[in-house]
Amino acid sequence: MGVSDHFGFIQGSPLNNRMIINTHRIKVFIDFDGTITKIDTGEEIFRRFGKQPDADRIIEDIREGIITAKEGWVRLFASAPDMTIKNIYSIMDDIFIDENFVEFHQLLKIQNIPHFILSDGFENYIQFILQREGLQDIPVFSNRLIESGSNGLMPQFPYMDEECRDCANCKRDHIIEQSGDEEFTVYIGNGSSDTCPAQFCDYVFAKDDLLKFCSREKVTCFSYNNFADVQNVFIQLLQRKRLKKKHQAVLKRNEVYKLG
Ligand SMILES: [Mg+2]
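Residues numbered from 1 in each chain as written. Predicted model: local features only at pLDDT ≥ 70, side-chain atom pairs only at ≥ 80, totals over all residues.

Caption draft 1: Region of the structure containing helix α1 (residues 41-49). Within the span of α1, buried status applies to Thr-41, Gly-42, Glu-43, Ile-45 and Phe-46. Check the buried side of α1 and you find it contacts α2 (54-64), α3 (69-78), α4 (85-90), β4 (115-122) and α6 (123-132). (Buried ≥ 20, exposed ≤ 12 C-beta atoms within 10 Å, placed from the backbone. Helix = DSSP H or I, 4+ residues; strand = E, 2+ residues; numbered from the N terminus. Contact = placed C-beta atoms within 7 Å.)

Pasting the structure below:
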């Protein structure tokens, strides 16, 4: 990351000598596992400490949408009663983040663009990784794990939506609560828990299963491999005179308002 001054110049980086003056009101929502991290932490935990082949089958069923994420997490933890928080922390050295994410976060900070992590994983390991990477100032909305004596680890879902039980953590609700109708929303994700929230945002960055979903359902998106790709396109967006609200996203949002 290069040194930046208060005009938004970033020196010694790909943004060198390019002044960006962001005049847009933008909010950015970012998935965690497989998007910020290179591999899915939740899946890796069960690959190492879960009961096989049950764990792999449950993970596949969540991915395919055969069972909900909440049901999946409850089954996964119930199938591994000996698992501890220590087990989870023991794999943290093998969980790496995208090499360009820190720079992207710095860009958003310099440009005063609020950004949030929305995860269907667990805050226990998310906060651990964010602290390690110096990213603890990013707000996180996720599920959490508590140790429950003989029952092992118990997942808790503080952000479950009673009306829509598809996801354990309702990412859609966070987007609606954290952004106004006049603001431009950006979503960056990779998996099945991102398919719903992506439809509520004006600009979508997608890879893996989310990209497949967007192609199939004709949700306009930018395809990306890493945060260097995201940042390049994002800078072009910032430099546009005007951004556009996505009609389909506005309609989806209005539907939720009508339901109250
Ligand atoms: Mg993900």
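Caption draft 2: Summary view of the sheet that holds strand β8 (residues 203-206). The strand order across the open sheet formed by seven strands is β6-β5-β4-β3-β7-β8-β9, and the pairing between neighbours is mixed. Of all the strands in the sheet, the pair left with one neighbour each is β6 (153-156) and β9 (222-223). Here strand β7 (residues 184-189) runs beside β8; their pairing, made up of four bridges, is parallel. Residue pairing for β8: Tyr-187 is matched across the bridge by Val-204. Helix-sheet contacts for α6 involve β4 and β5 (140-147), and the interaxial angle to β5 is about 115°. (Pairing = 2+ DSSP bridges. Axes fitted to C-alpha atoms, helices over the stretch in contact; angles between N-to-C directions.)

Caption draft 3: Layout of the pairing of β8. Burial of β8 is two-sided: the residues Tyr-203 and Phe-205 facing one way and the residues Val-204 and Ala-206 facing the other way are all buried. Bridge count between β8 and β9: two bridges; the pairing is parallel. Within β9, the position partnered with Phe-205 by the bridge is Phe-222. Taken together, β8, helix α9 (residues 208-217) and β9 form a β-α-β motif whose crossover is right-handed. (Right-handed = clockwise from strand over helix to strand, strands pointing away.)

Caption draft 4: Inspection of the environment of Lys-207 at higher detail. With respect to the secondary-structure elements, Lys-207 resides in the loop between β8 and α9. Apart from the residues within four sequence positions on either side, Lys-207 is in contact with Asn-190, Ser-223, Tyr-224 and Asn-225.

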